[in-house]
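Residues per chain, in single letters:
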Amino acid sequence: MLEYYTKYLDYNMSDKVIFSGVQPSGEIHIGNYLGAITQFVNYQADYKSIFSIVDLHAITVWQDPGALKNSTREVLAIFLASGLDESKNIIFNQSQVPEHTQLAWILSCTARVGWLNRMTQFKDKAGKNRENASIGLYTYPVLMAADILLYSASHVPVGEDQKQHLELARDIAHKFNTDYNENCFILPEPLMNKSTTRIMSLRDGSNKMSKSDISEYSRILMTDSNDQISLKIKKAKTDSLKMPDTLKGAETRLEINNLLNIYSACGLIDKEEVISKYASREISLFKKDLTEVIIKTVEPISIKTNLLLKDETYLDKVLREGASKARVIADKTIRNIYDKIGMISK
Ligand code: AMP
Ligand code: TRP
């Protein structure tokens, strides 16, 4: 164990370090899986990786306390069932590492109101009732910047919806470095997978698949049964033409294009190859095969997830151990930053 701590303590700023977070604010869907979690799994061999279940972000909108605990364990179980190795990576829930909120305060003194006013996710989530949104929802991207900068992460695998928040994290890091005339923070780069960075709703190809969509038919959950998957794909919105025979043709048809992206990502087959396999054929035939390809991806993960969820003691231990490893790094960063900004600390 000591050796492990040393490995993480010793990393220097030139090492490649990944950080990413997933909110325990609802059930994990195939958009989260293809856009983010599969990337985590693929990169874990080449990067030092830190993954956080960001419960403090989740409470920026109301969460039922019991449901939040269940969702936190469920996200962890899905991480492990998808192939993230808790002995190679640091996996923890954000609230167990208080340094995230400590750094967030400092960075909120660096970030400018004008920068936060540009964040489209706040505008979308707060909607028309902006006056009544929580302050936390507004300053959410500052906490996200703290998550990343606390660990000197060089790379952040995320879906496209987080690109603007990541640019803000870079702006905050840059301003902090300039203000204190020192390269305290490195500027993180996003990692995005072109075809899966934005998986769309199954009910409306112009909206992203989301945990908060009121229609459960808009998303496939990583814990859905085979029958549920089959029904959701059957009901998925499409036009009534035959399948496209070129990439260009596919790209003009939002819903079909999205289903082709899902097929390609789950089946690990080039999109062009999928297009030529189904060119000019009936959509119903494609949907039947797509259902099978999705089930092949989701079923083993859902079986493992359900098994893991039976052992809360084990899951809580993984989170606890992950948090104590994370704190070794986080504490070092906070001490350094406190010193740089002129705080006398222990
Ligand atoms: P969240 O559910 O907001 O915590 O998102 C967790 C991760 O999944 C983030 O990296 C998101 O960018 C990514 N993500 C969420 N929805 C989608 C989507 N529809 N397509 C691709 N990636 C997504
Ligand atoms: N805001 C991200 C989302 O909603 C979750 C998140 C919080 C995150 N902190 C992060 C992602 C740090 C990447 C890095 O999906």
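All values reported here derive from a predicted model rather than from experimental measurement.

Participant: Whenever I open this one, the overall build of the protein chain confuses me. Can you help?
Facilitator: When you go through the protein chain residue by residue, the secondary structure sums to 15 helices and five strands. Taking the principal axes of the C-alpha coordinates as reference, the protein chain spans close to 70 × 45 × 40 Å. The buried share among the 346 residues of the protein chain stands at 51%. In the protein chain, 77% of the contacts between residues at least 6 apart in sequence involve partners at least 24 apart. Entry remark: accessible area of the protein chain is about 16,900 Å², with carbon and sulfur atoms responsible for 51%. Between the averaged position of the 44 positive side-chain charges in the protein chain and that of its 43 negative side-chain charges there is a distance of 2 Å.

Participant: I'm lost on the site of ligand 1 in this one. Help?
Facilitator: For ligand 1, the set of nearby residues contains 18 residues, the closest of which are Gln-23, Gly-159, Asp-161, Ile-199 and Lys-211. In the environment of ligand 1, a nitrogen atom lies 3.3 Å from a nitrogen or oxygen atom belonging to the backbone of Gly-31. Between ligand 1 and the protein, one listed contact pairs an oxygen atom with a side-chain N or O atom of Asn-32 at 3.1 Å. Calculation on ligand 1 without its partners gives an accessible area of 480 Å², and the protein chains cover 94% of this total. Element by element, the count of residues in the shell around ligand 1 is highest for helix H2 (residues 30-43), at four residues.

Participant: Is there a simple way to explain the environment of Ile-78 in this structure?
Facilitator: Looking at where Ile-78 falls in the secondary structure, it is placed in helix H4 (residues 65-82). With 77 residues separating them in the primary sequence, Ile-78 and His-155 have C-alpha atoms 22 Å apart. Excluding anything up to four places from it in sequence, Ile-78 contacts Ile-28, Ile-37, Met-222 and Thr-305.

Participant: How do you make sense of the site of ligand 2 when you look at a structure like this?
Facilitator: The environment of ligand 2 is formed by 13 residues, the closest being Gln-23, Tyr-140, Met-144, Asp-147 and Gln-162. In this structure, a nitrogen atom belonging to ligand 2 sits 2.6 Å away from a side-chain N or O atom of Asp-147. Here Gln-162 contributes a side-chain N or O atom positioned 3.0 Å from a nitrogen atom of ligand 2. For ligand 2, the protein covers 91% of the area, taking 370 Å² as the surface of the free molecule. The set of elements that each furnish at least two residues to the shell around ligand 2 consists of strand E1 (17-22) and helix H8 (135-149). Tallied by class, the residues present in the shell around ligand 2 amount to seven nonpolar, five polar and one charged.

Participant: What is the right way to read the pattern of salt bridges from this model?
Facilitator: Between side chains of opposite charge, a pair can form as their charged atoms come close. Within this structure, the stated rule accounts for 15 salt bridges. Residue Glu-99 pairs with Arg-327 through a salt bridge whose shortest N-O separation is 3.2 Å. With Glu-99 in helix H5 (residues 99-108) and Arg-327 in helix H15 (residues 312-341), this residue pair connects regions lying 228 residues apart in the sequence. Close ionic contact of Lys-232 with Asp-224 constitutes a salt bridge, the shortest N to O distance being 2.7 Å. Accessibility assignment for this pair places Lys-232 and Asp-224 in one class, buried. One salt-bridge network, in which partners are shared between bridges, spans Arg-73, Glu-312 and Asp-316.

Participant: I tried to follow the domain arrangement of the protein chain on my own but got confused; where do I start?
Facilitator: Quoted interface sizes are often the accessible area lost when the parts come together. For the protein chain, the domain assignment lists domain 1 (2-198 + 311-341) and domain 2 (216-305). Each side of the interface is counted separately: domain 1 has 14 residues, and domain 2 has 16 residues. When the two sides are added together, the surface that domain 1 and domain 2 hide from each other amounts to roughly 1,200 Å², 74% of it contributed by carbon and sulfur. Seen at the junction of domain 1 and domain 2, the total is zero salt bridges. Where domain 1 meets domain 2, there are two residue pairs in polar contact (both at pLDDT 80 or more). Sorting the residues of the side of domain 1 that touches domain 2 by element identifies H2 and H4 as the ones contributing at least two each. With five residues, H4 is the single largest residue contributor to the side of domain 1 that touches domain 2. Residue composition of the side of domain 1 that touches domain 2, by class: seven nonpolar, four polar and three charged.

Participant: How should the packing of aromatic side chains be read in this particular structure?
Facilitator: For any pair of aromatic rings, the description consists of the separation of the ring centres together with the inter-plane angle of the planes. Tallied over the entire structure, the rule returns 12 aromatic pairs. Residues Phe-40 and Phe-51 carry aromatic rings whose centres are separated by 4.5 Å and whose planes lie at 20° to one another, so their mutual orientation is stacked. With Phe-40 in helix H2 and Phe-51 in strand E2 (residues 48-53), this pair connects stretches of sequence that are 11 residues apart. With respect to class, Phe-40 is no different from Phe-51; both count as buried. Aromatic ring contacts, followed pair by pair, group Phe-19, Phe-92 and Tyr-151 into a single cluster. Positioned above the aromatic ring of Tyr-217 is the side chain of Lys-235, whose terminal nitrogen or guanidinium carbon lies 4.8 Å from the ring centre.

Participant: What should I look at first to understand the nonpolar core in this one?
Facilitator: Taken as a class, soluble globular proteins show a tendency for nonpolar side chains to be buried jointly. The biggest cluster of nonpolar side chains holds 54 residues, and the ones touching the most others in it are Ile-30, Phe-79, Ile-262, Phe-286 and Ile-294. A total of nine residues in this core trace back to one element, the largest contributor, which is helix H14 (residues 283-309). Ranked by size, the runner-up nonpolar core spans 44 residues in total, among them Ala-104, Leu-168, Ile-172 and Ile-329.

Rules used in this analysis
- Residues numbered from 1 in each chain as written.
- Chains lettered and ligands numbered in written order.
- Predicted model: local features only at pLDDT ≥ 70, side-chain atom pairs only at ≥ 80, totals over all residues.
- Heavy atoms only, no water.
- Helix = DSSP H or I, 4+ residues; strand = E, 2+ residues; numbered from the N terminus.
- Buried < 20%, exposed > 50% of the residue type's maximum accessible area, 1.4 Å probe, protein only.
- Contact = heavy atoms within 4.5 Å.
- Areas by Shrake-Rupley, 256 points an atom, 1.4 Å probe, with all protein chains shown as cover.
- Lys, Arg positive; Asp, Glu negative; His and termini not counted.
- Charge placed at Lys NZ, Arg CZ, Asp CG, Glu CD.
- Near = heavy atom within 4 Å.
- Polar contact = N/O pair within 3.5 Å; in protein donor to acceptor, adjacent residues only side chain to side chain.
- Nonpolar A, V, L, I, M, F, W, Y, C, P; charged D, E, K, R; others polar.
- Salt bridge = Lys/Arg side-chain N within 4 Å of Asp/Glu carboxyl O.
- Domains from an automatic or database assignment.
- Buried area = accessible area lost by both parts, 1.4 Å probe.
- Phe/Tyr/Trp six-rings, centres within 6.5 Å; stacked < 30°, edge-to-face > 60°.
- Lys NZ or Arg CZ within 6 Å of the ring centre and 35° of its normal.
- Core = buried A, V, L, I, M, F, W, Y, C linked by side-chain atoms within 4.5 Å.

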